[in-house]
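The primary structure of each chain is shown beneath.
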Amino acid sequence: MTTFQIVTLPLIALIVLAIVIQTARRRLAPRIGFAWIVLWSAAAVSIADPELLVRAAHFLGIGRGADLVLYLSVIFSFSAFFITYMRFRRVDEQLTTIVRSIAIRDVIPTLSAANGEESGGRGIDRVR
Amino acid sequence: MKKTRDGVYIVVPAYNEGSAVYDVVRELRSQYANVVVVDDGSHDATSAEARRGGAIVLRHVLNRGQGAAIQTGIDFSVRSGADVVVTFDADGQHRVEDIERLVTALDKDNAEIAIGSRFLELQSNVPALRRLMLRIATRFMRITSGVALTDAHNGLRAMRRSAAGRIHLTIDGMAHASEIVDQIYRLHLRVTEVPVVIHYSEYSLRKGQSSLAAFRIAFDYLMKRIFR
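Not measured: the values here are computed from a predicted model.

Peer 1: Quick one: what's the story with the sheet that holds strand β2 (residues 34-40) of chain B, residue by residue and with numbers?
Peer 2: Residues and elements named next belong to chain B. The 7 strands are arranged β3-β2-β1-β4-β6-β5-β7 in an open sheet whose pairing can be described as mixed. Edge positions in the open sheet fall to β3 (56-60) and β7 (191-195), since each of these has one partner strand only. Taken pair by pair, the neighbouring strands of this sheet meet at an average axis angle of 20°, ignoring direction. Two strands pair when backbone bridges link them, and β2 and β3 are joined in this way by 5 bridges, in the parallel orientation. Following the sheet pairing, Asp40 is matched in β3 by His60.

Peer 1: Describe in detail unusual backbone geometry, supporting the description with residues and values.
Peer 2: All names here are of chain B. Notably, Asn110 is not glycine yet its phi reads approximately 50°, a positive angle. Along the chain, Asn110 turns up in the loop between α4 (96-108) and β5 (113-117). At His188, a position not held by glycine, the phi torsion is positive, near 55°. In this structure, His188 sits in the loop between α7 (176-186) and β7.

Peer 1: Break down the interface of chain B and chain A for me, with residues and values.
Peer 2: Contacts between the two partners involve 26 residues from chain B and, on the opposite side, 21 residues from chain A. Looking at the side of chain B that touches chain A, the elements that each hand over two or more residues are β2, β3 and α3 (66-79) of chain B. Sort the elements by how many residues they give to the side of chain B that touches chain A and α3 of chain B lands first, with 6 residues. Taken together, the residues of the side of chain B that touches chain A break down into 11 nonpolar, 8 polar and 7 charged.

Peer 1: For the packing of helix α1 (residues 21-29) of chain B against helix α2 (residues 46-53) of chain B, give the residues involved together with the corresponding values.
Peer 2: Residue and element names in this part refer to chain B. Viewed as axis vectors pointing N to C, α1 and α2 meet at an angle of 25°, and their least axial separation amounts to 8 Å. Here α1 is positioned roughly parallel relative to α2, judged by the angle of their axes. In terms of crossing hand, the pair formed by α1 and α2 is right-handed. Two secondary-structure elements touch here, α1 through Val21, Tyr22, Val25, Arg26 and Arg29 and α2 through Thr46, Glu49, Ala50, Arg52 and Gly53. Partitioned by chemical class, the residues of the contact of α1 with α2 number 4 nonpolar, 2 polar and 4 charged.

Peer 1: A description of the nonpolar core should follow, citing residues and the corresponding values.
Peer 2: Residues and elements named next belong to chain B. Counting residues in each nonpolar core, the largest one holds 68 residues, and the members touching the most others are Ile10, Val11, Val12, Val35, Val36, Val37 and Val86. Ranked by the residues each element gives to this core, the list is headed by strand β1 (residues 8-14), at 6 residues. Among residues more than four places away in sequence, those in contact with Val11 are Val36, Val38, Ile70, Gly73, Ile74, Ser77, Val85, Val86, Thr87 and Phe88.

Peer 1: Mind laying out the confidence of the model for chain A, listing which residues take part and the relevant values?
Peer 2: As a note on interpretation, predicted positions should not be read in detail where pLDDT is low. A residue-level look at chain A finds 87% of positions with pLDDT of 70 or above and a mean pLDDT of 86. Low pLDDT (under 50) marks residues 113-128 of chain A, which in the prediction has 31 contacts with non-local residues, meaning those over four places away or in another chain.

Peer 1: Can you explain the confidence of the model for chain B? Please cite residues and give values.
Peer 2: On average, residues of chain B score 85 in pLDDT, and 89% of them are at 70 or above. Across the whole predicted complex the pTM is 0.76, and at the interface the ipTM reaches 0.80.

Peer 1: Now, about helix α1 (residues 3-24) of chain A: what can you tell me, with residues and values included?
Peer 2: Over its 22 residues, α1 of chain A runs 32 Å from end to end, which matches the ideal 32 Å to within 8%, given 1.5 Å per residue. Counted residue by residue, α1 of chain A has 1 buried out of 22 residues, so it is predominantly exposed.

Peer 1: Which residues make up helix α9 (residues 213-226) of chain B, and what values go with them?
Peer 2: All names here are of chain B. Over its 14 residues, α9 runs 20 Å from end to end, which matches the ideal 20 Å to within 8%, given 1.5 Å per residue. Of the positions making up α9, those classed as buried are Ala214, Ile217, Asp220 and Tyr221. Buried residues along α9 cover an arc of 125° about the axis, so they all sit on one side. Residues of α9 that are exposed and angled more than 90 degrees away from the buried face: Phe215, Phe219 and Ile226.

Peer 1: Requested: an account of the environment of Leu149 of chain B, with residues and values cited.
Peer 2: Locating Leu149 of chain B in the fold gives a position in the loop between α5 (128-145) and β6 (157-160). Between the C-alpha atom of Leu149 of chain B and that of Asn34 of chain B, which follows or precedes it by 115 residues, the distance is 29 Å.

Conventions and cut-offs
Residues numbered from 1 in each chain as written. Chains lettered and ligands numbered in written order. Predicted model: local features only at pLDDT ≥ 70, side-chain atom pairs only at ≥ 80, totals over all residues. Pairing = 2+ DSSP bridges. Helix = DSSP H or I, 4+ residues; strand = E, 2+ residues; numbered from the N terminus. Axes fitted to C-alpha atoms, helices over the stretch in contact; angles between N-to-C directions. Contact = placed C-beta atoms within 7 Å. Nonpolar A, V, L, I, M, F, W, Y, C, P; charged D, E, K, R; others polar. Parallel < 35°, antiparallel > 145°, perpendicular 65-115°, else oblique. Left-handed = near helix turned anticlockwise from the far one by under 90°. Core = buried A, V, L, I, M, F, W, Y, C linked by C-beta atoms within 7 Å. Buried ≥ 20, exposed ≤ 12 C-beta atoms within 10 Å, placed from the backbone. pLDDT = per-residue confidence, 0-100. Expected span 1.5 Å × (residues − 1). Arc of directions from axis to C-beta.

Put into structure tokens, the structure is as follows:
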């Protein structure tokens, strides 16, 4: 075993264990937890047996195992970025909807100078 | 059809306009009963000043952008029974007398929405760079949405209740102006343009958009069109 393997494999084992625990405790959705476990297991396998990674790369017509990892990580991080962006936009829209309903619910009516009474224009009662 | 001024709701989106909004509201209130200021999460006295001026105040607890503020004002006005909803900027760049011209144009031109334009009649006080950027924005809108309007980003508009109830702005930031044009086209709204005058005071230029902001506005708009 190389030094790299001695350092990284137990580390990955710990990470996988943490994910399993978090998933069991329902802190992570099972689907997400599963995806992470698959990802880290694949990393562990390719560290433990680099030859396997090279064979997988050759099978896909890529020269080096490291290149396969590079391509996969680029695809992975770009899609993660895109998914996060879309989710952010959805949350943003929901936030605006909430802010809007609070504003309309808590409308501050016109200050009527004449008698100190408050009125909010036509049909204000329908809004309340 | 004769419209009473009580049915006209003036929506004024305002963000940190504490020093200008009182005068704007007072002047509007001398002509119109229903002035709706949407305070877009200001950190100054915008709400209090608007209220002192006699406006109905809606307050966004968080800053959501001008498009969001306008949509809030439109929603409120429609639900309050408005016949016509007018959008009017809080920084004093619009003239109150232009509102009447827009509302009249709705009837005269049998339109559902009337949009102010600084370029229909020769107006010499538009700064040169601003004129160039707006020309480009107008061309950009003509290409992307197919609507031929002479002034893409004029904040002064009047729309009938029927149109106000159908328009729904989803772009919270400044690109909402393009989105309105877009929806006019998609909803087949009958649109008319009315020449209006913009006061480029030192205040409104300082408060307003930098010409460079145009690039971000265009980006927001395109992203929204691509990832609807």
